[in-house]
Amino acid sequence: MRHWLLRRTLQAALTLAVAVVLLFLLTHLLPGDPLAREGAGRPLTSVQREALQARYGLDRPLLEQLGTFVGGLARGDLGVSIEYGRPVVGLLAERLPATALLGGTVLVLNFTVGLWLGVRQAVRKGSAEDRWLTTLSLAGYATPSFWLGLVLAGIVGVRWHLLPPAGMRDPLIAGGTLAAAADVLRHLVLPALTLSLVSIAGTMRYQRNAMLETLRLPYIVTARAKGLSERQVIWRHGWRNALFPVLTLFGLWLPILVSGSVFVETVFAWPGLGSLAAAAVNGRDYPLLMGASVLVATIVIVASLLSDVAYAFLDPRVRLS
Amino acid sequence: MTRWTLGVSLGASLVATLATVHPHGVAAQSSIVIATGGEATVPVPTLMEGPHASIANTDVADQLFLRLAELGPTLITAGDRAFVPRLARSWTRRDSVTLAFDLDPRATWHDGVPVTAKDVVFTFTRARDPAIAPQLAGLLRRISAVRAEGDRRVVFQYTQPYAEQLYDAVFHTAPLPSHLLAGIPPLALAGAPFVQAPVGSGPYRWVRRVSGQYVELAANERFFLGVPAIRRVLFRLAADPDARLNMVLGGEADAMDNIPSPRSNVARVAARSDLRVVPVPTSTVGFLLFNQRDPRDRDRPHPILSERDVRRAIGLALDRRRMVRATLGNAAQVPYGPTSPILWIRHGAPPPLGANVHEARRLLAARGWKDHDGDGVLDRVGRPLALTLSTTNSSAIRQQLALQIQEQLRQVGIRVQFERFDFPVYNERRTAGRFDIDFASTAQDPSPTGLGQGWSCEGSTNVARYCDPVVDSLLEVAGQATDAAPEAWRAVLRRIEAGAPAVFMYGLNYLFVVHRRFTNVRIRPESSWLALREWTVAEPAPRGTAGY
């Protein structure tokens with residue numbers, strides 16, 4: 001097991017190294033000028049542009065820039081953002097909590113409500129409840145999250161005035177920590193709902209199928225024959241084994257929630273990594289774009305590694321193969 | 001289903017509780033939340049260029065840093081009379097190249113230290129250094145020296161007599177506190193702690209920035225021109241225009257700078273009794289720029305657009321008024337020449353030419369463009385009259401207008417292929433001259449001298465390589481005039497119109513939204529929130545109370 005784990009970790013590290021080099025080269029191949037800003041008054045002259053390029057090190061050969069970046073990365077330094085004039089590490093650290101809150105909420109909802117509903121559907125296969133949950137999950141799965149976000153913000157936030165349509169917190173809120181926490185919670189509802197409705201639908205369908213497969217296995221019949229209660233059969237014997245395939249889903253969802261919520265963060269002005277990365281792309285802020293990309297790549301690779309390790313830990317057949 | 005009912009009830013109760021728990025303090029009554037599209041990252045004069053040349057930075061810097069003087073309501077940049085004293089109490093002209101400013105002795109920095117002539121000299125020394133502020137140094141190139149005479153008097157020396165000496169001294173930058181910055185190497189300033197908590201001399205002082213969310217400013221209690229009635233200003237970030245509008249309509253913000261398309265959004269705002277729509281002229285002018293050079297070989301003239309009659313025909317084939325009215329309603333006018341609504345030289349200019357499809361067809365036919373093969377597209381010696389029209393996909397206005405332009409030109413036999421690009425890509429292609437017709441939009445300074453950049457032969461942003469030596473000489477005459485010389489500037493406009501290097505489509509007004517509890521609302525065309533310190537708060541009710 002230890003040897004397997006070491007090999008798998010080295011593979012992950014190598015994958016990350018290749019990803020960093022590819023990301024750097026692709027980012028710098030993007031057409032566009034990192035010094036130009038839309039809506040800026042007088043555009044830069046060529047002489048002015050050259051002066052600023054020298055200041056930000058953009059005039060150096062690409063390989064030299066790559067060497068500088070990799071050297072910095074080894075020291076935990078992702079460089080200084082062109083747009084913000086501040087270290088990229090600090091900027092990412094500032095935005096990570098908002099993304100973690102939104103993504104974490106969605107993950108929790110996804111892997112509680114989604115799994116529960118999926119199991120419920122499987123147990124009640126063919127019932128009216130199964131049919132309308134299937135219809136709802138299909139509809140949810142087919143709904144683009146940015147569209148859903150726009151609709152929820154427009155109806156719940158603007159028309160009904162039930163919840164804030166944008167932002168993470170009201171800067172004018174008075175009161176102590178509790179009031180502030182309640183305010184963040186209010187702002188969280190719509191973006192979390194938008195992402196959850198779509199992701200829960202997928203999890204439900206996945207869990208339903210896995211559970212149906214498991215419930216057909218002979219040991220379930222044995223468990224029932226032994227006189228165990230239906231609750232014990234389903235949750236202790238059935239669900240535990242039907243959970244393995246869903247672990248893969250967790251490994252896939254984690255990076256998507258970090259990087260893939262760009263549209264939802266934009267629609268709801270949620271101050272997370274997604275909106276920061278979107279701004280970096282629009283401004284061709286290479287250091288910030290690279291920092292966000294490396295962070296997401298790391299999360300993808302680590303999530304994949306954790307998923308494999310969890311699989312191997314829970315199912316000996318995986319590590320033996 | 002009992003458990004379902006219980007679950008739904010609990011969920012609804014939670015939402016209802018969250019919907020009602022949003023206590024605003026008393027301070028909220030005298031605060032304003034402005035929804036803004038960008039984050040103020042470096043709101044410090046002398047640093048706001050290149051990647052930091054953003055409206056968000058300017059908006060915040062204008063509250064923190066006071067200029068020596070400000071443009072008056074006429075926005076006339078020439079001469080010494082149309083300006084309002086600020087840090088400088090007064091100014092006197094010693095001769096045609098020397099201007100002396102007397103600083104207001106009451107002025108202090110936010111940390112209580114008096115503002116002195118030394119601060120002004122320090123700032124302009126940095127601002128005029130191309131290694132520190134290359135763009136600013138270019139704008140201030142006609143200031144030859146700035147020196148202090150005692151603590152309160154600062155003297156500007158110019159290289160030559162010209163009408164905008166005062167404008168150059170006061171508009172482009174505001175003084176910085178030398179006592180806090182002198183020890184910081186100029187090129188290290190952008191990364192210095194000062195930038196994260198700037199200290200200025202303006203009506204508002206820095207409180208904090210919450211990354212990705214808002215920048216908070218508080219009224220400067222020592223502001224010598226009067227403490228602002230609005231005690232707190234919060235610039236709240238929402239990059240997406242629709243999210244900004246939702247913030248305002250949802251009671252999460254009090255104001256925003258431009259109601260986004262479609263026009264039905266204006267009606268949504270106007271229908272609200274607690275909000276008002278404020279039209280404000282902007283520095284933006286949109287135009288179809290004709291490339292004079294072949295995009296595939298810049299050493300050769302453009303095979304179609306280098307002919308003036310073809311360019312003129314395109315202009316005459318377009319019913320600009322109708323298109324602009326249909327797309328922008330009353331929020332824009334068709335300009336005469338490259339003049340935004342805030343450019344003072346547009347007053348007294350002749351009205352722009354209307355559409356004349358018959359004349360357009362005649363001009364094209366006279367140049368040999370006829371539909372020889374009957375495919376509906378004019379051609380000459382086997383070459384069809386086909387052009388690309390490029391713009392950025394970030395501009396809904398230009399995209400809507402481009403489709404109408406495409407259709408109107410089709411009717412006279414010109415085939416237009418419409419291309420949309422992500423802004424950085426669009427900008428790169430534009431700068432490299434890779435376009436036939438570029439649907440551009442420019443934010444102009446209030447000064448007409450900026451026209452030289454785009455429309456003179458050696459203009460630094462003349463990406464179309466338009467060159468008319470007569471325009472150059474007219475620009476030189478107007479720029480060197482020692483008075484306002486509106487007729488000299490209008491001669492420039494007439495010559496540009498006659499040469500048809502572009503079709504000037506619209507000069508834009510923005511429709512701002514402001515909560516009705518604010519009174520004495522004045523929004524400055526050259527810098528939106530500059531006059532915020534003069535606004536007052538009429539009603540005690542805080543924002544958002546009508547909503548959730």
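Every chain is numbered independently, its residues counted from 1 as its sequence is written. Each chain is given a letter, starting from A, and each ligand a number, starting from 1, according to the order in which they appear as written. Local features in this predicted model are restricted to residues of pLDDT 70 or higher, and side-chain atom pairs are both shown and tallied only at a pLDDT of 80 or more, whereas totals for entire chains, interfaces and linings draw on every residue. Side-chain metrics rest on all non-hydrogen atoms present in the structure, leaving aside hydrogens and water.

Quick word on the overall build of chain B
Only DSSP runs of H or I covering at least 4 residues are called helices, and only runs of E covering at least 2 are called strands; the numbering of each starts at the N terminus. Of the regular secondary structure elements, chain B holds 17 helices and 23 strands. The atom set for the radius of gyration is the C-alpha atoms, and the globule formula is 2.2 Å times the number of residues raised to the power 0.38. Rg of the C-alpha trace for chain B: 26 Å, near the compact-globule value of 24 Å for 548 residues, within the 12% margin. With a 1.4 Å probe rolled over the protein chains alone, any residue whose accessible area is under 20% of its type maximum counts as buried; one over 50% counts as exposed, and the rest are partly exposed. For chain B, the residues scored as buried account for 59% of the 548 residues in total. Surface summary for chain B: the accessible area is close to 20800 Å², and the carbon and sulfur share equals 54%. To be clear on the numbers: accessible area is Shrake-Rupley with a 1.4 Å probe, and residue cover counts the displayed protein chains and nothing else.

Remarks on the pattern of salt bridges
Here the idea is simple: oppositely charged side chains can pair when their charged atoms come close. The term salt bridge refers to a pairing of a side-chain nitrogen on Lys or Arg with a carboxyl oxygen on Asp or Glu at a separation within 4 Å. With the rule as written, the count across this model stands at 39 salt bridges over all chains. Here arginine 8 of chain A and aspartate 308 of chain A are joined by a salt bridge, their closest N and O atoms 2.8 Å apart. Taken together, the residues span a long stretch of sequence, with arginine 8 of chain A in helix 1 (residues 2–29) and aspartate 308 of chain A in helix 13 (residues 286–314) at a distance of 300 residues. Of the residues examined, arginine 8 of chain A reaches a relative accessible area of 15% and is grouped as buried. By relative accessible area, aspartate 308 of chain A is classed as partly exposed at 26%. Arginine 522 of chain B serves as the salt-bridge partner of glutamate 534 of chain B, at 2.1 Å between the closest nitrogen and oxygen. Within this pair, whereas glutamate 534 of chain B is found in the loop between strand 22 (518–519) and strand 23 (536–537), its partner arginine 522 of chain B is found in the loop between strand 22 and strand 23, the two being separated by twelve residues in sequence. The network of salt bridges with common partners includes Glu70, Arg86, Arg522, Arg533 and Glu534 of chain B.

Comments concerning the interface of chain B and chain A
Contacts between chain B and chain A engage 68 residues on the former and 62 residues on the latter. Buried area counts how much accessible surface, traced with a 1.4 Å probe, disappears from two parts once they are put together, with both parts' losses summed. Contact between chain B and chain A buries roughly 5700 Å² in total, counting both sides, with carbon and sulfur atoms accounting for 58%. Seen at the junction of chain B and chain A, the total is two salt bridges. Across the salt bridge formed by arginine 284 of chain A and aspartate 422 of chain B, the nearest N and O atoms sit 3.1 Å from each other. Two N or O atoms count as a polar contact when they lie within 3.5 Å, although within protein this holds only if one can serve as hydrogen donor and the other as acceptor, and sequence-adjacent residues are included solely when both atoms are side-chain atoms. Here chain B and chain A share eleven residue pairs in polar contact (both at pLDDT 80 or more) between them. Residue assignment for the side of chain B that touches chain A shows that the elements contributing at least two residues are helix 1 (2–20), strand 1 (31–36), helix 4 (134–139), strand 10 (232–237), helix 8 (241–249) and helix 14 (423–431) of chain B. Tallied by class, residues from the side of chain B that touches chain A come to 31 nonpolar, 24 polar and 13 charged. Contact between two residues is taken to exist if any of their heavy atoms lie within 4.5 Å; hydrogens are not considered. Just so you know the grouping, Ala, Val, Leu, Ile, Met, Phe, Trp, Tyr, Cys and Pro go in nonpolar, Asp, Glu, Lys and Arg go in charged, and all remaining residues, Gly too, go in polar.

Comments concerning helix 16 (residues 469–480) of chain B
Residues and elements named next belong to chain B. One fewer than the residue count of a helix, multiplied by 1.5 Å, yields its expected span. With twelve residues, helix 16 should cover 16 Å at 1.5 Å per step; its first-to-last C-alpha distance of 17 Å lies within 8% of that length. In this structure, the buried residues of helix 16 make contact with helix 15 (451–455) and helix 17 (486–499). By the N-cap criterion, in which a side-chain oxygen at the helix start approaches the backbone nitrogen of a residue two or three places on, helix 16 is capped by aspartate 468, the distance to valine 470 being 2.9 Å.

Looking at the side chain of serine 307 of chain A
All names here are of chain A. Looking at the element boundaries, serine 307 is found in helix 13. The class for serine 307 is buried, based on a relative accessible area of 9%. Among all residues touching serine 307, those that are not within four sequence positions of it are Leu247, Thr248 and Gly251.

As for the side chain of threonine 27 of chain A
Residue and element names in this part refer to chain A. Tracing the backbone shows threonine 27 in helix 1. Of the polar contacts made by the side chain of threonine 27, one reaches the backbone oxygen of leucine 23; its length is 2.6 Å. With residues near it in sequence (within four places) discarded, threonine 27 still touches Tyr286, Leu289 and Met290.

Let's talk about the packing of helix 6 (residues 145–159) of chain A against helix 7 (residues 177–215) of chain A
When two helices pack together, you describe them by how their axes are tilted relative to each other and by the distance separating the axes. All names here are of chain A. The convention used is that axes are lines fitted to C-alpha atoms, helices contributing only their stretch in contact, and that angles between N-to-C directions extend from 0 to 180 degrees. Running from N to C, helix 6 and helix 7 cross one another at 140°; their axes reach a closest spacing of 9 Å. Relative to helix 7, the element helix 6 lies oblique. The element helix 6 and its partner helix 7 pack so that their crossing is right-handed. Where helix 6 approaches helix 7, its residues Ser145, Leu148, Gly149, Leu152, Ala153, Val156 and Gly157 are matched on the opposing element by Leu190, Leu193, Thr194, Leu197 and Val198. Its residues assigned to classes, the contact of helix 6 with helix 7 comprises eight nonpolar, four polar and no charged. Angle categories: roughly parallel below 35 degrees, roughly antiparallel above 145, roughly perpendicular from 65 to 115, and oblique for all the rest. Take the far helix as your reference; a near helix turned counterclockwise from it by less than a right angle gives a left-handed crossing, and one turned clockwise gives a right-handed crossing.

Thoughts on the state of the cysteines
A covalent bond between the sulfur atoms of two cysteines is referred to as a disulfide. Residue and element names in this part refer to chain B. Count a disulfide wherever a pair of cysteine sulfur atoms falls within 2.5 Å. In total, this model carries one disulfide over all chains according to the counting rule given. A disulfide bridge connects cysteine 457 with cysteine 467, and the sulfur atoms are separated by 1.9 Å. Across the S-S bond of cysteine 457 and cysteine 467 the torsion is about 90°, and the bridge reads as right-handed. Residue cysteine 457 is found in the loop between helix 15 and helix 16, and its partner cysteine 467 is found in the loop between helix 15 and helix 16; the two are separated by ten residues along the sequence. Residue class for cysteine 467 comes out partly exposed when judged on its relative accessible area of 46%.

Looking at unusual backbone geometry
It is generally the case that most residues other than glycine have a negative phi and that most peptide bonds are trans. All names here are of chain B. Cis geometry is adopted by the peptide bond preceding proline 262, which originates at serine 261 and carries an omega value of 0°. Structurally, the position occupied by proline 262 is in the loop between strand 11 (255–256) and helix 9 (264–270). One non-glycine residue, threonine 46, lies in the positive phi region at around 80°. Looking at the element boundaries, threonine 46 is found in the loop between strand 1 and helix 2 (55–64). A positive phi angle, close to 50°, is found at alanine 500, a residue other than glycine. Residue position: alanine 500 is located in the loop between helix 17 and strand 21 (502–515).

Some points on the environment of aspartate 129 of chain B
All names here are of chain B. Checked against the element boundaries, aspartate 129 lands in the loop between helix 3 (117–127) and helix 4. Each C-alpha atom, one on aspartate 129 and one on alanine 332, is 38 Å from the other, the two residues being 203 residues apart in sequence. The residues touching aspartate 129, leaving out its near neighbours within four places in the chain, are Pro134 and Ala137. Within polar-contact distance, the side chain of aspartate 129 engages the backbone nitrogen of alanine 131 at 2.9 Å.

Points about a nonpolar patch on the surface
Residues and elements named next belong to chain A. The residues that make up patches have over 30% relative accessible area and no salt bridge, and they are joined within 9 Å when like-charged or within 5 Å when they are Val, Leu, Ile, Met, Phe, Trp or Tyr. A contiguous nonpolar patch, built from Leu14, Val18, Leu22, Leu26 and Leu29 and spanning about 520 Å² of accessible area, is present on the exposed surface. Among the structural elements, leucine 29 can be located in helix 1. The exposure class assigned to leucine 29 is exposed, which follows from its relative accessible area of 61%.

What about the domain arrangement of chain B?
Residues and elements named next belong to chain B. Each assigned domain of chain B is listed here: domain 1 (12–58 + 202–254 + 517–537), domain 2 (69–181) and domain 3 (283–508). An automatic or database domain assignment supplies the start and end points of every domain. Once you take the C-alpha centre of each, domain 1 and domain 2 turn out to be 28 Å apart. Counting residues at the interface gives 18 residues for domain 1, matched by 26 residues for domain 2. The contact between domain 1 and domain 2 buries some 1700 Å² in all, and 56% of this surface belongs to carbon and sulfur atoms.

Here's the deal with the pairing of strand 4 (residues 88–95) of chain B
All names here are of chain B. Paired strands are those between which DSSP finds at least two bridges. Two elements, strand 4 and strand 5 (residues 98–103), share six bridges in a ladder whose sense is antiparallel. Within the sheet, the bridge partner assigned to aspartate 95 lies in strand 5 and is threonine 98. What sits between the antiparallel neighbours strand 4 and strand 5 is a turn of two residues.

Observations concerning the nonpolar core
All names here are of chain B. Core analysis: the biggest nonpolar cluster contains 77 residues, and Ile32, Leu68, Phe101, Phe156, Leu217, Val233 and Trp535 have the highest contact counts within it. Broken down by element, this core gets its largest block of residues, six residues, from helix 3. Of the residues that make up this core, three or more belong to each of domain 1 (12–58 + 202–254 + 517–537) and domain 2 (69–181). In contact with isoleucine 32, not counting residues within four places along its chain, are Ile230, Arg232, Val233, Leu234, Asp254, Ala255, Phe518, Leu532 and Trp535. Here, nonpolar core refers to any group of buried Ala, Val, Leu, Ile, Met, Phe, Trp, Tyr and Cys residues whose side-chain atoms link them within 4.5 Å.

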